[in-house]
Amino acid sequence: MSLCGNLYMVNETPLYLKIIEIAVTWILLGVFLWGISWLYQYISRRLEEWRRNLRDQKDSPNIALKVITATKAKIALTILYRLSILISLIILIPAILSFSLSLFPATAHLSERMIHWFREPAIAILHGFLDYLPNLGFLIVWCIFIFFLIRLLNVFSRWVDSGLIVLPGFHPEWAEPTSRILSFLIIAFALVVAFPYMPGGGSPAFQGVSIFIGVLVSIGSGSAIGNIISGIILTYTRAFRMGDRVRIGDHMGDVIEKSAFVTRIRTIKNEDIVIPNSTVMSSHIVNYMEGKHQGGLILNTIVTMGYDIPWPKVHEVLIQAALRTEGILAQPAPFVFQTALHDFNVAYQINAYTHLPGQMARIYSDLYRNILDLCHQNGIDPKSPTFHVIQENHSPSPYPFPSSPDIHR
């Protein structure tokens, strides 16, 4: 055979045919990937149209559930598409490369080597999977058992919380946190039992990595563990509940969140304050809602009046001002204490009951206004003698002094 013939004939197949076979193979791969992409885009458009039509049907029953189903279907389709592209590239590209190299005698050994590279790991993985099947079966059964055990615990917790089941000495608000704690302990116990059956669980490398991670967690989570323990103590001491008006240290507001790490309160200025549970435990806590459950919270303020004003008249005015205030209870009736006899005035404390601790700021403001109004209506000069002394010992001010009693909370 001539040299020219050798250039165009290798293994009795023309060179141009081999090149055509390689080109066709790669083109088929591209067409296959394009087909997967086109199918994904087509189904994705149909799902988007379905979801858009569902949103337009606002009066349809279970519309929210249908929209969520369409959204989840879109997410599942995207995951399936990406997995199919990845698997196709991992399997088909090495197979096509091996096929292309096998067509030429000079690269045939590379093709065999590539086949060996992929065949040996595949065989090892298959054998390892078959050997691991008993442990995998145990883990599956164990996970199913733990899953249903936690579900049963959650159902029992909801029954206790709703009052269907009454446990002596166990408050219903403890049900949910207790359920979370027991679920965590059950999961921790399940991981300890499942650890020897995990892939590589008996290898020294796996055990060493586990110990290293445990050391890192124990070193870096000191404050977090402290907050968790403080949160548990706050729960079982029933210091406050969700929605309670409380004062924690220097902050007062309504409790809007109780988590394992922090307590979040919202002030009357609509500011959210996040306080770590360990800080809450180390601070004094005032719960204004507890008084509501014990007949009413007592609001009180101190008003100073001069000695020239008869005390029965002051009592009458202060009680009438309290009864005029919206949010103050008529029963139990408001009452007044004389709390101090100062050098120039008498301190009177008006006490009144309310069932609206969350509106304390508004109630106090209305109470102060009503006190001023009734003082003027009854001819009581709300200026205390202390005020007159200050006015006489100083030069006249271009601004008028407020004609209100000294009011202290």
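Counting restarts for each chain, with residues numbered from 1 along the sequence as it is written. With pLDDT at 70 or above as the cut-off, local features in this predicted model cover only qualifying residues; side-chain atom pairs require 80 or more to be listed or tallied, and sums for whole chains, interfaces and linings still use all residues. Note that the side-chain values use all heavy atoms of the structure and ignore hydrogens as well as water.

**Some points on the overall build of the protein chain**
Now for step 1: Secondary structure elements follow DSSP: runs of H or I no shorter than four residues count as helices, runs of E no shorter than two count as strands, and numbering proceeds from the N terminus. In terms of helices and strands, the protein chain carries 12 helices and 11 strands.
Now for step 2: A buried classification covers 29% of the 409 residues belonging to the protein chain.
Now for step 3: Considering only contacts within the protein chain whose residues lie at least 6 apart along the sequence, 61% involve residues at least 24 apart.
Now for step 4: Within the structure as shown, the protein chain displays about 26,400 Å² of accessible surface, and the carbon and sulfur contribution to it stands at 67%. Each residue gets one of three labels from its accessible area relative to the maximum for its type: buried under 20%, exposed over 50%, partly exposed in between, using a 1.4 Å probe on protein chains only. Note on definitions: a residue-residue contact is assigned when non-hydrogen atoms from the two residues lie within 4.5 Å. To be clear on the numbers: accessible area is Shrake-Rupley with a 1.4 Å probe, and residue cover counts the displayed protein chains and nothing else.

**Brief notes about the packing of helix H10 (residues 311-324) against helix H11 (residues 360-377)**
Between two packed helices, what matters for the description is the angle formed by their axes and the separation of those axes.
Now for step 1: Each axis is a line fitted through C-alpha atoms, and for a helix only the stretch in contact is used; angles between axes span 0 to 180 degrees, taken between their N-to-C directions. Between H10 and H11, whose axes approach to 8 Å, the crossing angle comes to 135°. Here H10 lies oblique to H11, going by the angle between them. For the pair H10 and H11, the sense of crossing is right-handed. In this structure, H10 uses Val317, Leu318, Gln320, Ala321, Ala322 and Arg324 to contact H11, whose residues at the interface are Leu367, Asn370, Ile371, Leu374, Cys375 and Gln377.
Now for step 2: In terms of residue class, the contact of H10 with H11 is made up of 8 nonpolar, 3 polar and 1 charged. The scheme is simple: roughly parallel for angles under 35 degrees, roughly antiparallel for over 145, roughly perpendicular for 65 to 115, oblique for anything else. Two helices cross in a left-handed way if the nearer one is turned anticlockwise from the farther one by less than a right angle. They cross in a right-handed way if the turn is clockwise. Each residue gets one label: Ala, Val, Leu, Ile, Met, Phe, Trp, Tyr, Cys and Pro are nonpolar, Asp, Glu, Lys and Arg are charged, and the others, such as Gly, are polar.

**Quick notes on the confidence of the model for the protein chain**
Now for step 1: Confidence of the predictor in every single residue is expressed as pLDDT, which spans 0 to 100. Looking at the protein chain, pLDDT values average 79 and 81% of them are 70 or higher.
Now for step 2: Low pLDDT (under 50) marks residues 385-405, which in the prediction has 22 contacts with non-local residues, meaning those over four places away or in another chain.

**Examining the packing of helix H4 (residues 108-162) against helix H5 (residues 175-194)**
Now for step 1: With their axes 9 Å apart at the nearest point, H4 and H5 run at an angle of 170° to one another. As summarised for this structure, H4 and H5 are arranged roughly antiparallel, according to the angle between their axes. Contact residues: Phe138, Leu139, Trp142, Ile146, Leu149, Ile150, Leu153, Asn154, Ser157, Val160 and Asp161 in H4; Ala175, Glu176, Ser179, Leu182, Ser183, Ile186, Ile187, Phe189, Ala190, Val193 and Ala194 in H5.
Now for step 2: Residues of the contact of H4 with H5, tallied by class, amount to 16 nonpolar, 4 polar and 2 charged.

**Comments concerning the pattern of salt bridges**
Now for step 1: Throughout this description, the term salt bridge denotes a Lys or Arg side-chain nitrogen within 4 Å of a carboxyl oxygen of Asp or Glu. Counted according to the given criterion, the structure contains 9 salt bridges.
Now for step 2: Between glutamate 48 and lysine 74 there is a salt bridge, with the nearest N and O atoms lying 4.0 Å from each other. With glutamate 48 in helix H2 (residues 15-56) and lysine 74 in helix H3 (residues 63-102), this pair connects stretches of sequence that are 26 residues apart.
Now for step 3: We classify glutamate 48 as partly exposed; its relative accessible area is 25%.
Now for step 4: With its nearest N and O atoms 2.7 Å apart, the salt bridge here joins arginine 266 to aspartate 272.
Now for step 5: According to the relative accessible area criterion, arginine 266 is partly exposed, its value standing at 34%.
Now for step 6: By relative accessible area, aspartate 272 is classed as partly exposed at 40%.
Now for step 7: In the salt-bridge network here, residues are joined through shared partners; they are Glu173, Arg238 and Arg241.

**Observations regarding the sheet that holds strand S7 (residues 285-287)**
Now for step 1: The strand order across the open sheet formed by 5 strands is S6-S5-S4-S3-S7, and the pairing between neighbours is antiparallel. The open sheet terminates on both sides in strands that have one partner only, identified here as strand S6 (272-276) and S7. With direction set aside, neighbouring strand axes in the sheet form an average angle of 40°.
Now for step 2: Paired strands, in this sense, are two strands between which DSSP finds at least two bridges. Pairing analysis gives 4 bridges linking strand S3 (residues 245-248) to strand S4 (residues 251-258), with the strands arranged antiparallel. For valine 246, the partnering residue across the bridge sits in S4 and is glycine 253.

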